[in-house]
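Understanding the architecture of this molecule
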Amino acid sequence: DYDLMTDPTTGLAWPQRIEKAELLVQEGLPVSSTYDWIELAFTPAITVPSDAWVDWDATNQRFITAAEKYTQTVTANIKSTVYYPADLFETVKWHDGSSLDLSDFIMKMILTFDRGKPESSIYDETYSWYLESFMATFKGVRIISQDPLIIDTYHDDHWIDAELNLKSWWPNMSYGPAAWHTLALGVRAEAAQQLAFSADKADQLGIEWMNFIAEPSLSILKNYLDTSLIENYIPYNPTMGAYVTTDEATNRWANLFAWYNARGHIWLGTGPFYLENADYTQSVLTLTRFADYPDPAGKWDFFIENSILDINYTTGAPGSTLNLTGDNFPPNQDANIFVNGLSLGTTPVSDSGTFTFTLTTSNAAEGFYYATASVNPSATVKFIIDVDEDIRPPEGDYPAFDLPAGIAYIYEMYLSLLSK
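Residues numbered from 1 in each chain as written. Predicted model: local features only at pLDDT ≥ 70, side-chain atom pairs only at ≥ 80, totals over all residues. Heavy atoms only, no water.

1. A short note on the nonpolar core
Looking at soluble globular proteins, one finds that nonpolar side chains tend to be buried together. Heads up, the rule is: Buried Ala, Val, Leu, Ile, Met, Phe, Trp, Tyr and Cys residues form a nonpolar core when they are joined through side-chain atoms within 4.5 Å. Burial here depends on accessible area, computed with a 1.4 Å probe over protein chains only, as a share of the maximum for the residue type. Under 20% is buried, over 50% is exposed, and the range in between is partly exposed. We count a stretch as a helix when DSSP gives it H or I for four or more residues in a row; a strand needs E for two or more, and each element gets its number in order from the N terminus. For this analysis, residues touch if any pair of their heavy atoms sits within 4.5 Å.
Counting 78 residues, the largest nonpolar core has Trp 37, Tyr 84, Phe 105, Ile 106, Met 107, Tyr 236 and Met 240 as the members making the most contacts within it. For this core, the element with the highest residue contribution is helix 3 (residues 102-114), accounting for eight residues. Apart from residues no more than four positions distant in its own chain, Ile 106 is found in contact with Trp 53, Phe 63, Ile 143, Thr 239, Met 240 and Tyr 243. Formed by 24 residues, the second largest nonpolar core is a distinct cluster that contains Ile 337, Ala 371, Ala 373 and Ile 407.

2. Observations regarding the environment of Ile 64
Structurally, Ile 64 is set in strand 6 (residues 62-65). Distance from Ile 64 to Trp 53, taken between C-alpha atoms, is 5.6 Å for residues eleven residues apart in sequence. The contact partners of Ile 64, leaving out residues within four places of it in the chain, are Ala 52, Trp 53, Val 54, Asp 55, Trp 56, Asp 57 and Lys 69.

3. A closer look at a nonpolar patch on the surface
What counts, and what does not: To count toward a patch, a residue needs a relative accessible area above 30% and no salt bridge. Like charges then connect within 9 Å, nonpolar side chains (Val, Leu, Ile, Met, Phe, Trp, Tyr) within 5 Å. Methods summary: accessible areas were calculated by the Shrake-Rupley approach with a probe of 1.4 Å, and residue burial reflects only the protein chains presented. By salt bridge we mean one thing: a side-chain nitrogen of Lys or Arg within 4 Å of a carboxyl oxygen of Asp or Glu.
A cluster of nonpolar side chains, Phe 273, Leu 285 and Leu 287, forms an exposed patch at the surface whose accessible area comes to about 330 Å². Take Leu 287: it is sitting in strand 15 (residues 284-289). Given the relative accessible area of 53%, Leu 287 is considered exposed.

4. With respect to the sheet that holds strand 18 (residues 321-327)
What counts here: Strands qualify as paired when DSSP identifies two bridges or more between them. For helices, the fitted line uses only the C-alpha atoms of the stretch in contact; every axis is such a line through C-alpha atoms, and the angle between N-to-C directions lies from 0 to 180 degrees.
The mixed open sheet is built from four strands, whose spatial order is 16-18-21-24. Because the sheet does not close on itself, it has two edges, and the strands there are strand 16 (308-311) and strand 24 (400-402). Averaged over all pairs of adjacent strands, the angle between their axes in this sheet comes to 25 degrees, without regard to strand direction. With six bridges connecting them, strand 18 and strand 21 (residues 355-360) associate as antiparallel partners. Each residue of the ladder has a partner; that of Thr 325, found in strand 21, is Thr 356.

5. Quick word on the packing of aromatic side chains
The condition that has to hold: Put simply, two rings from Phe, Tyr or Trp (the six-membered ring, in Trp's case) pair if the centres are within 6.5 Å, and we call them stacked under 30 degrees between planes, edge-to-face over 60, tilted for the rest.
Inspection of every chain in the model, using the stated rule, returns 25 aromatic pairs. With centroids separated by 6.3 Å and ring planes inclined at 85 degrees, the aromatic side chains of Phe 134 and Trp 169 adopt a geometry described as edge-to-face. Residue Phe 134 is found in helix 4 (residues 125-137), and its partner Trp 169 is found in the loop between strand 9 (149-155) and strand 10 (172-173); the two are separated by 35 residues along the sequence. As far as burial versus exposure is concerned, Phe 134 and Trp 169 are alike and both buried. With 5.5 Å between their ring centres and 90 degrees between their planes, Phe 357 and Phe 401 make a pair best called edge-to-face. Residue Phe 357 is located in strand 21, and its partner Phe 401 is located in strand 24; the two are separated by 44 residues in the primary sequence. Among the aromatic residues, those joined into a ring-pair cluster are Trp 53, Trp 56, Phe 63, Phe 113, Tyr 127, Trp 129, Tyr 130, Phe 134, Phe 138, Trp 169 and Tyr 236.

6. Some thoughts on unusual backbone geometry
The linkage connecting Asp 147 with the following residue, Pro 148, adopts the cis geometry, with an omega of 5 degrees. Relative to the helices and strands, Pro 148 is located in the loop between strand 8 (138-146) and strand 9. The omega torsion across Glu 215 and Pro 216 is 0 degrees, close enough to zero to call that bond cis. You will see that Asn 328, though not glycine, has its phi angle at about 65 degrees, which is positive. In this structure, Asn 328 sits in the loop between strand 18 and strand 19 (334-339). Here the phi dihedral of Asn 332 falls at roughly 60 degrees; this positive angle occurs in a residue that is not glycine. Assignment of secondary structure puts Asn 332 in the loop between strand 18 and strand 19. Since its relative accessible area comes to 40%, Asn 332 is described here as partly exposed.

7. Here's the deal with the pattern of salt bridges
Under the criterion given, the structure shown has 17 salt bridges. Residue Lys 222 pairs with Asp 226 through a salt bridge whose shortest N-O separation is 2.7 Å. Linking Lys 222 with Asp 226, this pair stays in helix 7 (residues 217-231), spanning four residues, or about one helical turn. Overlapping salt bridges, with partners in common, bring together Asp 1, Arg 17, Asp 295 and Lys 299 in one network.

8. Here we look at helix 9 (residues 246-263)
Put simply, the rule reads: A helix is expected to span 1.5 Å multiplied by its residue count minus one. The arc under discussion is defined with respect to the helix axis, by the directions toward the C-beta atoms.
Along its 18 residues, helix 9 runs 26 Å from first to last C-alpha, staying within 8% of the 26 Å computed at 1.5 Å per residue. Considered for burial, the residues of helix 9 that qualify are Ala 249, Arg 252, Trp 253, Asn 255, Leu 256, Trp 259 and Tyr 260. Taken end-on, helix 9 shows its buried residues confined to a sector of 160 degrees, consistent with a single buried face. Across from the buried face of helix 9, at angles greater than 90 degrees, the exposed residues are Thr 246, Asp 247 and Ala 262. Tucked inside the fold, the buried residues of helix 9 contact helix 3, helix 5 (180-191), helix 7 and strand 14 (273-279). Residue Gly 264 follows helix 9 closely and has a positive phi angle near 75 degrees.

9. Some remarks on the environment of Val 74
With respect to the element layout, Val 74 can be found in the loop between helix 1 (66-69) and strand 7 (78-83). Looking at Val 74, the relative accessible area reads 12%, which means it is buried. Separated by 65 residues in sequence, Val 74 and Lys 139 have C-alpha atoms that sit 7.7 Å apart. Val 74 has contacts with Ile 46, Thr 47, Val 48 and Lys 139, leaving out every residue within four places of it along the chain.

10. Looking at the pairing of strand 14
Inspection of the sheet shows strand 14 paired to strand 15 by six bridges, in the antiparallel sense. Bridge assignment links Asp 279 to a residue of strand 15, and that residue is Val 284. Between the antiparallel neighbours strand 14 and strand 15 lie four residues, among them Ser 283 with a positive phi of about 55 degrees.

Here it is, written out as structure tokens:
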């Protein structure tokens with residue numbers, strides 16, 4: 001499960017767990033939005049607030065604010081504001097029954113920095129290059145509201161699509177979902193140099209690459225689970241202690257302990273299926289429907305529904321007026337209209353993903369024609385201009401496009417299939 005879902009037809013983001021988002025952009029940057037769930041605005045300057053977290057003190061395990069790190073005002077190219085639903089922490093659960101919590105987001109923030117800090121007990125030299133790259137454009141993060149959760153992030157890197165500029169801190173790491181209590185076991189194991197989060201560090205130290213579903217890594221993690229249950233352990237307590245109560249920690253460890261005893265692994269997510277069991281040597285996983293998953297099964301069905309372009313007459317004599325109707329296109333976009341590869345212009349797509357336009361054919365020669373409406377995806381329909389057909393009269397008042405004289409028409413030729 002993710003905060004954002006990628007549209008397979010456009011590559012842009014749709015909100016999966018986000019309520020809405022705002023993007024404030026430095027004036028002059030070439031950024032535009034496509035979907036209306038994100039609000040885009042421009043401003044002459046974006047100042048990073050003095051209380052924004054801009055770095056991490058791995059020795060004292062606390063975030064460093066802009067006021068502490070900088071003596072001058074810091075600016076950014078982008079301010080990303082993500083609003084999560086008011087019921088997020090009630091409706092989204094980890095597979096062991098633990099409720100998603102702000103602490104999971106905080107743990108994601110901590111590990112973004114901590115693994116690349118030489119002072120950290122889990123410093124990873126191979127990760128430090130990522131942190132260096134990240135810090136080159138990261139300017140700060142600030143939690144505006146804890147419940148409902150609202151997070152501001154300031155950064156300099158930018159894409160031309162507003163939907164790709166959001167920074168949300170959803171608790172997913174490189175290899176998948178990241179509950180704080182499962183990550184904490186990994187942190188303890190790596191600090192003791194028994195396991196490593198990265199394959200490179202594992203190779204360097206001659207230890208196991210961390211694995212939450214298989215031996216020998218699993219037994220090591222289980223030992224830390226037993227210890228954490230007894231100690232009611234809270235990782236990075238100088239910071240995480242402000243977001244995890246002792247009762248919440250008790251509940252997390254009890255849930256994970258019961259989960260391990262029932263399923264024999266420590267892999268948790270929040271998605272529609274959970275890992276029932278895993279045979280790592282045979283590469284076989286059994287997935288089971290997660291009954292507490294909050295979304296209906298058909299939430300994203302429109303991703304697999306094809307865009308359609310219909311025509312009222314597939315044939316007509318020169319001078320006919322043909323109506324073409326599009327359905328299931330990305331809403332509130334401009335559909336580009338082509339006939340036989342020639343661009344005729346654009347027509348707007350409605351809120352419901354539909355549009356209708358006409359083609360007038362007074363100047364069209366006889367032949368086969370292919371009309372295409374394209375937003376991404378695109379749809380195409382064929383029609384034939386034939387002097388032996390009737391002249392199709394106009395039907396309705398819609399945006400009109402003329403087929404210009406001399407447009408390249410297409411001949412269709414069929415060859416008989418011979419078998420021997």
